[in-house]
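Each chain, written out:
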Amino acid sequence: GLGVLLRRDEPGRLAADADAIARAVAAGLGEASLGAGLCPLDQGGSEAVTLVSRARKAACLNLKSGGGGITTYGYGPPGPVADRREAILGAVESSVFELLFQPVVSVRGGLRARYEATLRLRTGDGELLGPEVFAPVAIRAKVSSRLDRWMLEASLDALAAARATGSHAQLLVHQTLAGLDEDDWLERLRDGISRRDLIDLRPVIQLQAADADRCLELATERSRVLRTLGIELCLNGLGEGGGRGVRLLDALHVRFVRLAARVTAAMATQRLKDLVSWLHERGVVVIAGGLEGPDAIARVMGAGVDCIQGSFIQAPAEGMDFDFSCAELRS
């Protein structure tokens, strides 16, 4: 198969241009005709895995229709919101998740393997969705704790499997305050670590800064208990809201802060440097996430961040097998 990414100011041109490309490829291959699947990318779910999933599905639909011409796949009308919600919640109820891992690479000489765990959800119609698509639906439906449970158990299993191969990778595992508020959350976490004998390989728990700020009392209590268990805390999204950073770092025992790409890109260079310096003064390891190119990487490295992460380095993958000794990333 051949994948082509088209950008057009006039969406109506996409089908015609896709057809022209299919005809040109068919002519080059000496084929009478060549079918093509078309998937518009303006319907949400811009994460790479989701886009590839939809492109593959568009191609499969064309094959099922007998090939030839253009078959358009759209995850939308009729009833796009209702259709998506029901498909997502049905898949969440069935826990049809996949666990992927994205490397978090030190730029300060450390070579310890460190990954962020992330979920993908496979809906009943074969759609593979990233968390930016399904997580908001689950939160609104008040079932996000189901995601937390699956994520935690699968991540602990992954850590145990990695250790069995001699790896001592550190894994950042996202949880929501809705999940942490469940009465048995801490008990499940302790028991999960004990059952798998992960006393020396505990996960790092990630929380969204905005989430922790809204439920600061609960976040503070959970942070205190996590510290007694030797489990470190990472805050995502710090720097997006006024005095939130001071308030959270004063209240919580935070080891890592993960800055989103939209935060680092929007900040003036000196302001970004000042933020990183302030975090370092508080003993925080700073991760710059979502980096999509060398310019973005050079900018955050110039600001003094400790770790970098993003699809330009490696997209989320099924295994924890990234080469952290890669010379290009240490230079």
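Keep in mind that this is a model prediction, so the values were computed, not measured.

> Give me the packing of helix α5 (residues 144-164) against helix α7 (residues 185-195): which residues, what numbers.
Running from N to C, α5 and α7 cross one another at 15°; their axes reach a closest spacing of 10 Å. Here α5 is positioned roughly parallel relative to α7, judged by the angle of their axes. The way α5 lies across α7 gives a crossing that is right-handed. Of the residues in α7, those touching α5 at R149, L152, E153 and L156 are W185, R188, L189, G192, I193 and R195. Grouping the constituent residues of the contact of α5 with α7 by class yields five nonpolar, one polar and four charged.

> Residue-level account of the packing of aromatic side chains, with values.
Across all of its chains, the model carries four aromatic pairs by this definition. The interplanar angle of 55° and the centroid separation of 5.3 Å between the aromatic rings of F97 and W150 together place this pair among those described as tilted. One end of the pair, F97, is in strand β3 (residues 97-103); the other, W150, is in helix α5, with 53 residues separating them in the sequence. Ring plane angle 90° and centroid distance 5.4 Å describe the contact between Y115 and F324, whose orientation is recorded as edge-to-face. Of the two residues, Y115 sits in strand β5 (residues 114-122) while F324 sits in the loop between β12 (307-308) and α14 (327-330), which places them 209 residues apart along the sequence.

> Kindly report on the side chain of N236, identifying the contributing residues and their values.
Tracing the chain through its elements places N236 in strand β9 (residues 233-236). For N236, a relative accessible area of 5% corresponds to the buried category. One polar contact links N236 to Q206, side chain to side chain, over a distance of 3.1 Å. The contact partners of N236, leaving out residues within four places of it in the chain, are E116, H174, Q206, L207, Q208, A209 and R258.

> Talk me through the pattern of salt bridges; I want residue IDs and the actual numbers.
Counted by the stated rule, this structure contains 20 salt bridges. Two residues, R149 and E182, come together in a salt bridge whose shortest N-O distance is 3.3 Å. Here R149 is found in helix α5, whereas its partner E182 is found in the loop between α6 (177-180) and α7, with 33 residues between them in sequence. Among the ionic pairs, E182 bridges to R188, the shortest N-O distance being 3.3 Å. A residue is classified by how much of its surface remains accessible, and R188, at 15% relative accessible area, is buried. Sharing partners across several salt bridges, the network here consists of R149, E182, D184 and R188.

> Residues and numbers for the pairing of β9, please.
Burial along β9 is two-sided: L233 and L235 facing one way and C234 and N236 facing the other are all buried. Two strands pair when backbone bridges link them, and strand β8 (residues 204-208) and β9 are joined in this way by four bridges, in the parallel orientation. The residue of β9 that forms the bridge with I205 is L233.

Definitions and limits used
Residues numbered from 1 in each chain as written. Predicted model: local features only at pLDDT ≥ 70, side-chain atom pairs only at ≥ 80, totals over all residues. Heavy atoms only, no water. Axes fitted to C-alpha atoms, helices over the stretch in contact; angles between N-to-C directions. Helix = DSSP H or I, 4+ residues; strand = E, 2+ residues; numbered from the N terminus. Parallel < 35°, antiparallel > 145°, perpendicular 65-115°, else oblique. Left-handed = near helix turned anticlockwise from the far one by under 90°. Contact = heavy atoms within 4.5 Å. Nonpolar A, V, L, I, M, F, W, Y, C, P; charged D, E, K, R; others polar. Phe/Tyr/Trp six-rings, centres within 6.5 Å; stacked < 30°, edge-to-face > 60°. Buried < 20%, exposed > 50% of the residue type's maximum accessible area, 1.4 Å probe, protein only. Polar contact = N/O pair within 3.5 Å; in protein donor to acceptor, adjacent residues only side chain to side chain. Salt bridge = Lys/Arg side-chain N within 4 Å of Asp/Glu carboxyl O. Pairing = 2+ DSSP bridges.

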